[in-house]
Amino acid sequence: MHEEILFFDTTLRDGEQAPGIALSEAEKLEIAEQLGRLGVDVIEAGFPAASDGEFRAVARIAQSVRGPVIAALCRAGAADVDRAFEAIREAGRPRLHVFISTSDVHLDSMLKMSRSEVLEAARDAVGRAASYTPDVEFSAQDATRTDPEYLLEVCRAAVEMGATTINVPDTVGYAMPHEFGDLVRLVRESVPDHVTVSVHCHNDLGLAVANSMAGVAGGARQVEVAVNGIGERAGNCSLEEVAMIVATRGPALGLSHRLTLREIARTSRLVSMLTGYPIQPNKAVVGANAFAHESGIHQHGVLMNRATYEIMDAAEIGYEGGRIVLGKHSGRHAFSEALGRLGFELDREHVDRAFARFKELADRKIQLTDADLEAIVAEDLAVADEDVFAIESLQVAGGTHLSPTATVRLRVAGEVREGSAMGDGMIDAACGAIQVASGVQARLEYFNVSAVTPGTDALADVVIQAEVEGRASTGRGVSVDVVEASARAYLAAINRAVRQGVRTSERTDVAS
Ligand code: KIV
Ligand code: ZN
């Protein structure tokens, strides 16, 4: 008999707390739907008290995603609990996730509360949450730096008030696997059997996955994970790594899962595309090199028998070659069908916009693959209704004997603004022209260009991170032309920051 490990995915909550990520409502919904296809047990959709936008996104996920439990995070206070439940009330299976810090350093320096006050707040909030839904999770933030006696007292109180899952977070990624396993075992032994013990590990010392598995050995049956391991600081425990540990070693460990493994590759790609967080090439399971064999001895072995050097099957995780799907003569119907086959469920407005963009690109590139379509949709999903600026036209000039210059025309609220600039190169000039036309100051911090598919006619996929008036923001752009893709990515980062509250200054027509 294998024991099932529950996957609690926090990509949309803790994952989204990674610097520079600010997903639009449409992007969050697309990720949640994909997590549903992957078969995670719980989707933590967000933290509704954080903002109205966050509340709306959580509510939309709760209304439309069926299958997984939909969880909303709340601090241990009545207003937070009420707001969180308001957001998920329409979910098929709503869960309230109440948290409060329990370590002395958090109590003294951050909460300014005594241990007994925290205990009382936890009791009240869990009790209130349980009056809304029978599915309540309680997290003792910074559990690994909490006095174990006090931790157990708070956990028992939460269970008494109705918590059905007790989560043990290693909030600052401080624990060693043997310590964490012991702590989880202690919690497991202190709460009744009907309560699920959960682990939530951060990766500050690179131990999030090891600690989570030590927690499982200590009796945890829910693991909190994020796709590609994104999250606060060094990130959260990586979903795909735990999934493949359970899939590969589960039979020996007596563990099982309910994930649809062939959705892993697509989930990882989608999250990377929409968040703008690239995947390191040597990342376990989903890195570009995870199944690449460079040395002759390895290549020879794998050709003779894959099992010589591979413990997982790439196809099982959903990696297969990109197929040629559509060209410039393909119509809207074929385009929508291809999107459906790739698992996208877009509303009419997004399909129309993505189709228009597809036509533009197909006119300049003969054929587009699945990967190209994914990149087009990812770029489009980042466009939100309230976006401020759109590129009307871009002209660049440069070369070995010409100073790089660019002129851009941006559409904004029905008018067109123009800006020109010179730069160190054509991309620099295009970004400068966008700053002039938009009136928003942005400093490029990270720039990554990759080809979506092999070949000289590949779409360029550019991801940038910029500091926009003091705020980190990411943007993505795709085009057959790398300068245009960069300009689109740069403007997407500006739009994202403006959506988050960066103000645009008054129009500045042309400058250099
Ligand atoms: O890291 C942490 O402690 C958290 C809690 C809110 C569960 O994210
Ligand atoms: Zn966390």
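The rules behind these values
Residues numbered from 1 in each chain as written. Chains lettered and ligands numbered in written order. Predicted model: local features only at pLDDT ≥ 70, side-chain atom pairs only at ≥ 80, totals over all residues. Heavy atoms only, no water. Near = heavy atom within 4 Å. Polar contact = N/O pair within 3.5 Å; in protein donor to acceptor, adjacent residues only side chain to side chain. Areas by Shrake-Rupley, 256 points an atom, 1.4 Å probe, with all protein chains shown as cover. Helix = DSSP H or I, 4+ residues; strand = E, 2+ residues; numbered from the N terminus. Buried < 20%, exposed > 50% of the residue type's maximum accessible area, 1.4 Å probe, protein only. Contact = heavy atoms within 4.5 Å. Domains from an automatic or database assignment. Buried area = accessible area lost by both parts, 1.4 Å probe. Salt bridge = Lys/Arg side-chain N within 4 Å of Asp/Glu carboxyl O. Nonpolar A, V, L, I, M, F, W, Y, C, P; charged D, E, K, R; others polar.

Some words on the site of ligand 1
- In the vicinity of ligand 1, the contacting residues are Arg13, Asp14, His97, Phe99, Ser139, Gln141, Asn167, Pro169, Thr171, His200 and His202.
- At a separation of 2.9 Å, an oxygen atom of ligand 1 approaches a polar side-chain atom of Arg13.
- At a separation of 3.0 Å, an oxygen atom of ligand 1 approaches a polar side-chain atom of His202.
- When isolated, ligand 1 has an accessible area of 260 Å², and the protein chains bury 96% of it.

Digging into the environment of Leu394
- Along the polypeptide, Leu394 turns up in strand 13 (residues 389-397).
- Residue classification places Leu394 among the partly exposed positions, given a relative accessible area of 21%.
- Setting aside its immediate chain neighbours within four residues, Leu394 contacts Thr407, Val408, Ala430, Val483, Glu484 and Ala487.

A few points about the environment of Arg89
- Position of Arg89 among the secondary structure elements: in the loop between helix 3 (78-88) and strand 5 (94-101).
- With a relative accessible area of 47%, Arg89 lands in the partly exposed category.
- There is a polar contact of 3.0 Å between the side chain of Arg89 and the side chain of Glu86.

Structural notes on the side chain of Thr133
- Position of Thr133 among the secondary structure elements: in the loop between helix 5 (115-132) and strand 6 (136-141).
- Among the polar contacts listed, one links the side chain of Thr133 to the backbone oxygen of Pro94, at a separation of 3.1 Å.
- Discounting chain neighbours no more than four positions away, the residues touching Thr133 are Phe85, Pro94 and Leu96.

Some thoughts on the domain arrangement of the protein
- Parsing the protein into structural domains produces domain 1 (3-275), domain 2 (332-382) and domain 3 (389-511).
- Centre-to-centre separation of domain 1 and domain 2, based on C-alpha positions: 34 Å.
- The interface of domain 1 with domain 2 comprises 12 residues on the first partner and 12 residues on the second.
- Buried surface at the junction of domain 1 and domain 2, summed over both partners, amounts to about 950 Å²; 48% is from carbon and sulfur atoms.
- In terms of surface lost to domain 2, no three residues of domain 1 exceed Glu30, Arg266 and Met273, which account for 43% of the buried area on that side.
- Counting across the interface, domain 1 meets domain 2 through three salt bridges.
- The closest approach of N and O atoms between Glu374 and Arg266, which form a salt bridge, is 3.9 Å.
- Counting the contacts that link domain 1 with domain 2 gives four residue pairs in polar contact (both at pLDDT 80 or more).
- For the side of domain 1 that touches domain 2, the elements supplying multiple residues, two or more each, are helix 1 (25-38) and helix 10 (264-275).
- Each residue belonging to the side of domain 1 that touches domain 2 can be placed in one class, and the counts come to four nonpolar, one polar and seven charged.

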